[in-house]
Amino acid sequence: MKHLLSTAELTRVDILALLRLATEFAAGGRERPARRDDLAGRVVASVFFEDSTRTRLSFETAAKRLSAEVLGFTAGSSSLNKGESVRDTIETLSAMGVDAMVIRHRSSGVPRSATEWTDASIVNAGDGWHQHPTQSLLDAFVIAREFGLTDGLDGIRVAIVGDLRHSRVARSNVDLLGRLGAEVILVSPPSLSLDAGAACRAVVSHDLDEHVGSVDVLYMLRVQRERMTAGLIPSMEEYSRRYALDASRASRLSATAIVMHPGPMNRGVEMRVDPADLPGSRILDQVAAGIPVRMAVLATLVGPTSAPAPGGSRGH
Ligand code: CP
């Protein structure tokens, strides 16, 4: 595996291997995090053309815990502001001797295009509405750990709720969680449904109340107001009334159900309860899992046992 662009490129065996490696990296817990030299002498660039808190910082932490050098690029303070193109930016970073680039962009397909502009390994850290593969890996990690599963997610019912249409997390999760054996129910207003191709493995519903009491995982999504065009929902109030997690719905969750959200959250829109008041909230566990899971991805792509780049040297 040289790049991680999409969950579709991972076999079930690949996914389970990454989750096992992440479990190894997570074994020391937050007090004694794993520190290894798998990426000693390697350079990892975090190349974020779109805002991020969790993904960028956890990738950078993951790379440092594996002893890589980290180059941080943020669009707001870069020469993009002087008219430099994305391609020139990638080629410039590549010329600095980068072994891996972790790329986020608001347009679908930019990480894939980047594979043609550099020999570095490319990790998709979220592209447009398309994919967010490491989010899905860390979500699978959290669910598997919660339910004591080591060989997939068979028998787990997951409802993914909210603005599916604009969500790269929904597209990645319906694929990856589904292929691990989870039963995925997609719940949204009809105007915010996933395209039929992406939803083909899942049950489609427009009624959260029908499912809230019977799921193992209630996975809430952010309403992506920045991507919403006029008329998709009648009003935020109407949306929240039908699709938010509020105190009444929270009280109907089963005692063993967990609540997840990839963040950032819109409090008062899709989340009308404080996660701190929900014993089943695993939202901060998702954030914490981002580090060992992203360590596993980086170690697999550019660590000592990864395949060398054509020509025998990595990166440039
Ligand atoms: N879940 C997620 O991608 O969060 P950030 O936008 O903060 O990286």
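Residues numbered from 1 in each chain as written. Predicted model: local features only at pLDDT ≥ 70, side-chain atom pairs only at ≥ 80, totals over all residues. Heavy atoms only, no water.

## Regarding the confidence of the model for the protein
Summarising the model, the protein shows a mean pLDDT of 93, and 96% of its residues fall at 70 or more. Considering only residues more than four positions removed or in separate chains, one finds that residues 309-316, a stretch of pLDDT under 50, has 23 contacts. (pLDDT = per-residue confidence, 0-100. Contact = heavy atoms within 4.5 Å.)

## Examining the site of the ligand
Taken together, Ser52, Thr53, Arg54, Thr55, Arg104, His132, Gln135, Pro262 and Gly263 make up the full set of residues adjacent to the ligand. Here an oxygen atom of the ligand sits 2.7 Å away from a polar atom, N or O, in the side chain of Arg54. At 2.6 Å, a side-chain N or O of Thr55 approaches an oxygen atom of the ligand. Within the complex, 92% of the 260 Å² of free accessible area of the ligand lies under protein. Among the residues forming the shell around the ligand, the class breakdown is one nonpolar, six polar and two charged. (Near = heavy atom within 4 Å. Polar contact = N/O pair within 3.5 Å; in protein donor to acceptor, adjacent residues only side chain to side chain. Areas by Shrake-Rupley, 256 points an atom, 1.4 Å probe, with all protein chains shown as cover. Nonpolar A, V, L, I, M, F, W, Y, C, P; charged D, E, K, R; others polar.)

## Considering the environment of Thr92
Among the structural elements, Thr92 can be located in helix 3 (residues 86-95). For Thr92, a relative accessible area of 37% translates into the label partly exposed. Taking the C-alpha atoms as reference, Thr92 lies 20 Å from Lys2; in sequence the two are 90 residues apart. (Helix = DSSP H or I, 4+ residues; strand = E, 2+ residues; numbered from the N terminus. Buried < 20%, exposed > 50% of the residue type's maximum accessible area, 1.4 Å probe, protein only.)

## Some words on the environment of Ala26
Structurally, Ala26 is set in helix 1 (residues 12-26). Its relative accessible area of 22% is what places Ala26 among the partly exposed residues. Not counting residues within four places of it along the chain, the set of residues in contact with Ala26 comprises Phe141 and Pro292.

## A short note on the packing of helix 5 (residues 133-146) against helix 10 (residues 283-302)
The relative placement of two packed helices is expressed as an angle between their axes plus a distance between the axes. Two elements in contact, helix 5 and helix 10, have axes whose closest approach is 8 Å; the angle formed by their N-to-C orientations is 115°. When the axes of helix 5 and helix 10 are compared, the crossing they make is right-handed. Two secondary-structure elements touch here, helix 5 through Thr134, Gln135, Leu137, Leu138, Asp139, Phe141, Val142 and Arg145 and helix 10 through Asp285, Gln286, Ala289, Gly290, Val293, Arg294 and Val297. Of the residues that constitute the contact of helix 5 with helix 10, the class distribution is seven nonpolar, four polar and four charged. (Axes fitted to C-alpha atoms, helices over the stretch in contact; angles between N-to-C directions. Left-handed = near helix turned anticlockwise from the far one by under 90°.)

## Notes on the side chain of Ser94
Of note, Ser94 is situated in helix 3. At 2.8 Å, the side chain of Ser94 and the side chain of Thr118 are in polar contact.

## A short note on the sheet that holds strand 6 (residues 183-187)
What holds strands together in a sheet is hydrogen bonding between their backbones, with the strands either parallel or antiparallel. Taken in spatial order, the five strands of this open sheet run 7-6-5-8-9, and their pairing is parallel. The open sheet has two edge strands, strand 7 (203-205) and strand 9 (258-260), and neither has a second partner. When the angles between neighbouring strand axes are averaged without regard to direction, this sheet yields 20°. Where strand 5 (residues 157-161) lies against strand 8 (residues 217-220), four bridges are found, and the strand directions are parallel. Considered in strand 8, the bridge of Val158 is made with Val217. (Pairing = 2+ DSSP bridges.)

## A closer look at the sheet that holds strand 4 (residues 121-127)
Read from one edge to the other, the open sheet built from four strands follows the order 2-1-3-4, with strand pairing classed as parallel. At either margin of the open sheet sits one strand with a lone partner, and together these are strand 2 (69-74) and strand 4. Between one strand and the next, the sheet's axes are offset by a mean angle of 15°, whatever the strand orientation. Bridging between strand 3 (residues 100-105) and strand 4 involves five bridges; their strand directions are parallel. Looking across to strand 4, one finds that Ala100 is bridged to Ser121. Taken strand by strand, helix 3 contacts strand 1 (43-48), strand 2 and strand 3, and its axis lies near 160° from that of strand 3. Sheet contacts for helix 10: strand 1, strand 3 and strand 4; angle to strand 4, the most-contacted strand, approximately 150°.

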